[in-house]
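Residue strings, one per chain:
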Amino acid sequence: MSSAMASCPLLKLLLFISLLALQAIYTCKATLISDDDRMEKLSWAVAYDPPKLTVHMGTMQNVTVQITHIDRTDLADVASVQLRSEREHVATVENGTIVILEELEANVPYNGSFTIVGNFLGQTNFFVEVVHKNGTAEPLPSAATLPVTVIRQERVIDHVFTGSVILLISILYINFGAALDVGALKQIARRPVGPLIGFFCQFLFMPLLSFGLGHLLFPDNYELQLGLFFTGVSPAGGASNIWTVALGGNLTLSIAMTTISTLAAFGMMPLWIFTLGRRIFERANLGVPYSRIAYTAIGLVVPISAGLIIQRCCPRFGRLLVRILKPMSVVLILFIVIFAIVTNLYLFELFSWQIIIAGLGLPWIGYCFGFLASHLLRLPLADSLAISVETGIQNTGIAIFLLRFALEQPAADLTTVIPVSAAIMTPLPLMLLMLGLRMHERSKRRAESSLIPKSSSISNTPST
């Protein structure tokens, strides 16, 4: 029996594999034990001054590193000592120079001053790393880390952009008030089918869509889920009225839906935050800026009321405002898109294909759903266009404000990459549709004008 087992090649193979496995386990155990011994041997203490650091992006700041409890036996196996960043794209040490071994002396505390460079928005930890003579590198066991936060410095151009957009939109809403059909508004109030569809799309479909897209595209990124959900629960944006005018939709319905959406946001945003959104927000201390939403609602009512007064008291001036409404709308759209890109160029470094898909998917799916919902309920084309635009365009300004209000820097800036992406991607299909409509109208006018001479020549031909 024993001779048969000895002659069996399969048993020999199994025995050989078992011996290899035992050898591997023994080697790993010995390595771990030696590593633990070595780490226990290095009992250096590290302290930083200041203990934590906040640096503006693109700037530098000095920090002092003190290393104590250096034993002479510790230096025998050490080739060099260096200060490292966990995320070097966020912050690094200038020139990469950290601690020179020759400067370390036994039983003498080491004090070194180094320059931290803030590369990009984010948070990182600096730590002291020991490089051994065999080439392996490891952080000091139980050594303190230096938390470094890189934030963006407020610029004059940011305030200029905000102020100019508020001014131009206020002027444009005066034009909207001058063009508002009060009779049609009363008719909408008597039969509010359009506003009800818009409310359903804006505050039921869009939050669910943003929640689902966030978990699908960013399953492990809390900040980006937060940015997308905040964008989805925000009310409709004022740009929806501009695009409705540019595309030939029902402006009165659009303004009515924007006003209702802004006012309804007082209740709907907290409702989503404390129900479905609780899964995302449970670890964050969030506050809903009611005053910001109130200011937005007042900002809609005041210039529209001024336009209505102009329409009634100065009809000639009101007709002039209506005449320049479309070209002014187009100019404002281009201004907002171009200026927003210029002032937020730094965020493009964060763009990934997931962020681009999120910026495209949220408004574009919203356009399609709003149009299909209103079309299935047999609303006129002008109403369907208004509801479609109103559904897809979110007030990204409120989303950005909410994120910056609720979160500390740099998380506040990092999460705004989603509403910025949505703001950039939102106008693209609308621009293409507007260009297509303009080309269609021009070709139609050319066709009609080409038929006029033929008809007139036929009518002027003398009868025989």
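Criteria and thresholds
Residues numbered from 1 in each chain as written. Predicted model: local features only at pLDDT ≥ 70, side-chain atom pairs only at ≥ 80, totals over all residues. Heavy atoms only, no water. Helix = DSSP H or I, 4+ residues; strand = E, 2+ residues; numbered from the N terminus. Buried < 20%, exposed > 50% of the residue type's maximum accessible area, 1.4 Å probe, protein only. Contact = heavy atoms within 4.5 Å. Areas by Shrake-Rupley, 256 points an atom, 1.4 Å probe, with all protein chains shown as cover. pLDDT = per-residue confidence, 0-100. Salt bridge = Lys/Arg side-chain N within 4 Å of Asp/Glu carboxyl O. Polar contact = N/O pair within 3.5 Å; in protein donor to acceptor, adjacent residues only side chain to side chain. Patch = residues over 30% accessible without salt bridge, like charges linked within 9 Å, V, L, I, M, F, W, Y side chains within 5 Å. Phe/Tyr/Trp six-rings, centres within 6.5 Å; stacked < 30°, edge-to-face > 60°.

Draft legend 1. Representation of the overall build of the protein in the model. A tally of helices and strands in the protein yields 18 helices and 9 strands. Counting all 464 residues of the protein, 43% fall into the buried class. A separation of at least 24 residues holds for 80% of the contacts in the protein among residues at least 6 apart in sequence. When the accessible area of the protein is evaluated, it comes to approximately 24,800 Å², of which 65% is carbon and sulfur surface.

Draft legend 2. Inspection of the environment of Ile304 at higher detail. Topologically, Ile304 is positioned in helix 10 (residues 290-313). On the basis of relative accessible area, Ile304 is assigned to the buried category, the value being 8%. Sequence separation between Ile304 and Ser170 is 134 residues; the distance between their C-alpha atoms is 8.6 Å.

Draft legend 3. Broad picture of the confidence of the model for the protein. Overall, the prediction assigns the protein a mean pLDDT of 75, with 73% of residues at 70 or greater. When mean pLDDT is taken per element in the protein, helix 13 (residues 353-376) scores highest with 90 and helix 1 (residues 2-7) scores lowest with 48. In the model, residues 1-6 has pLDDT below 50 throughout and makes 2 contacts with residues more than four positions away in sequence or in other chains. Counting contacts from residues 30-40, a segment whose pLDDT is below 50, to residues more than four positions away or on other chains yields 7 contacts.

Draft legend 4. Region of interest: the pattern of salt bridges. Considering all chains together, one arrives at 1 salt bridge under this definition. Close ionic contact of Arg84 with Glu88 constitutes a salt bridge, the shortest N to O distance being 3.5 Å. Residue classification places Arg84 among the partly exposed positions, given a relative accessible area of 29%.

Draft legend 5. The side chain of Glu390, seen in detail. Along the chain, Glu390 falls in helix 14 (residues 381-392). A distance of 2.8 Å separates polar atoms of two side chains, one belonging to Glu390 and the other to Ser240. Within the structure, Glu390 has its side chain in polar contact with the side chain of Ser254 (distance 3.5 Å). Discounting chain neighbours no more than four positions away, the residues touching Glu390 are Gln202, Ala236, Ser240, Asn241, Ser254, Met257 and Thr258.

Draft legend 6. A look at a nonpolar patch on the surface. On the surface, Phe317, Leu320 and Ile324 cluster together into a nonpolar patch covering about 250 Å² of accessible area. For Phe317, the position within the fold is in helix 11 (residues 315-323). You can call Phe317 partly exposed: its relative accessible area is 42%.

Draft legend 7. Inspection of the packing of aromatic side chains at higher detail. Scanning all chains against the criterion turns up 4 aromatic pairs. Considering the side-chain rings of Phe199 and Phe203, the 5.5 Å spacing of their centres and the 50 degrees angle between planes classify their relative orientation as tilted. With Phe199 and Phe203 both in helix 5 (residues 193-217), this residue pair falls 4 residues apart, about one helical turn. Ring plane angle 75 degrees and centroid distance 6.0 Å describe the contact between Phe211 and Phe229, whose orientation is recorded as edge-to-face. Residue Phe211 is found in helix 5, and its partner Phe229 is found in helix 6 (residues 222-233); the two are separated by 18 residues along the sequence. Comparing Phe211 with Phe229, the two get one shared label, buried. Taken together, Phe200, Phe205 and Phe369 form an aromatic cluster joined through their ring pairs.

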